[in-house]
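# Overview (structure and organization)
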Amino acid sequence: ISPDSKLVAIGGFTPDITICNLADGKEVRRIQGCGDTTELAFSPEGQRLVSSHVRGVVVEWDISTGQVLHRLRFDAGVQSARYLADGQRLLVARGN
């Protein structure tokens, strides 16, 4: 759920990440993701989204355009990725 509680990001085993309006459930944006999403987290200002994936990928997205801002690759699956309070750094938890 976005910091302003207006949007929700939905992902899972399908490739797409869907961002919906919480008030009416309508789709705001569909992002072609990587699939096998383990976690989604909004940035503190609500303009970016980070997704973590079983295949060892972390992607930062621009919510307004759906474009990839950054992509990180790891040698093991990623369990979780979240923004730190400053919105400039990520905390990533990997699995073995």
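What comes next concerns the included structure. Residue indices follow the written sequence of each chain, beginning from 1 at its first position. Owing to the predicted nature of the model, reporting of local features is limited to residues with pLDDT of at least 70; listing and counting of side-chain atom pairs is limited to 80 or more, with chain, interface and lining totals taken over all residues. Calculation of side-chain values draws on the structure's entire complement of heavy atoms; hydrogens and water are dropped beforehand.

## What to know about the side chain of His-53
This is how the line gets drawn: Going along the chain from the N terminus, every DSSP run of H or I of four or more residues is numbered as a helix, and every run of E of two or more is numbered as a strand. The buried label goes to any residue with under 20% of its type's maximum accessible area, the exposed label to any with over 50%, and the partly exposed label to all in between, with areas taken from a 1.4 Å probe on protein chains only. Whenever two N or O atoms come within 3.5 Å, that pair is a polar contact, provided that in protein one can donate a hydrogen and the other can accept it, and provided that, for residues adjacent in sequence, both atoms are side-chain atoms.
For His-53, the position within the fold is in strand 5 (residues 48-53). Judged by relative accessible area, which is 1%, His-53 ranks as buried. Side-chain polar atoms of His-53 contact the side chain of Thr-37, separated by 3.4 Å.

## Considerations on the nonpolar core
One broad trend across soluble globular proteins is that nonpolar side chains are buried collectively. The line we're drawing: Side-chain atoms within 4.5 Å are what join buried Ala, Val, Leu, Ile, Met, Phe, Trp, Tyr and Cys residues into a set we call a nonpolar core. Contact criterion: two residues are considered in contact whenever any of their non-hydrogen atoms come within 4.5 Å of each other.
Ranked by size, the top nonpolar core spans 11 residues in total: Leu-7, Ala-9, Ile-17, Ile-19, Ile-31, Phe-42, Leu-49, Val-57, Val-59, Trp-61 and Ile-63. Per-element accounting of this core gives the leading share, 3 residues, to strand 6 (residues 57-62). Every residue in contact with Ile-19, bar those within four places of it in the chain, is listed here: Leu-7, Val-8, Ala-9, Lys-26, Glu-27, Val-28, Arg-29, Ile-31, Leu-49 and Ile-63. Formed by 6 residues, the second largest nonpolar core is a distinct cluster that contains Ala-41, Val-50, Val-58 and Tyr-83.

## Some points on unusual backbone geometry
The phi dihedral of Ser-5 is positive, around 60 degrees, even though this residue is not glycine. In the Ramachandran plot, Asp-36 falls in the positive-phi region, its phi being about 50 degrees despite a non-glycine side chain. Tracing the sequence through the fold places Asp-36 in the loop between strand 3 (27-32) and strand 4 (37-42).

## Regarding the pairing of strand 8 (residues 78-83)
Put simply, the rule is: Two strands are said to pair when DSSP picks up at least two bridges between them.
As paired strands, strand 8 and strand 9 (residues 90-94) are joined by 5 bridges and run antiparallel to one another. By the bridge assignment for strand 9, Val-78 is matched with Arg-94.

## Digging into the pattern of salt bridges
Rules: Any Lys or Arg side-chain nitrogen found within 4 Å of a carboxyl oxygen on Asp or Glu counts as a salt bridge.
With the rule as written, the count across this model stands at 8 salt bridges. In this structure, Glu-45 engages Arg-48 in a salt bridge whose closest nitrogen and oxygen atoms are separated by 3.0 Å. For Glu-45, a relative accessible area of 40% puts it in the partly exposed group. A network of salt bridges, in which partner residues are shared, links Asp-16, Glu-27 and Arg-30.

## Some remarks on the sheet that holds strand 5
Stated formally: In this analysis an axis means a line fitted to C-alpha atoms, helices contributing only their contacting stretch, and an angle means the value between N-to-C directions, from 0 to 180 degrees.
Read from one edge to the other, the open sheet built from 4 strands follows the order 4-5-6-7, with strand pairing classed as antiparallel. Taken across any chain shown, the strands that pair with only one partner, and hence form the sheet edges, are strand 4 and strand 7 (68-73). Going from strand to strand, the sheet's axes swing by 15 degrees on average, the running direction of each strand aside. Where strand 6 and strand 7 come together, 5 bridges link them in antiparallel fashion. Following the sheet pairing, Val-57 is matched in strand 7 by Arg-73.

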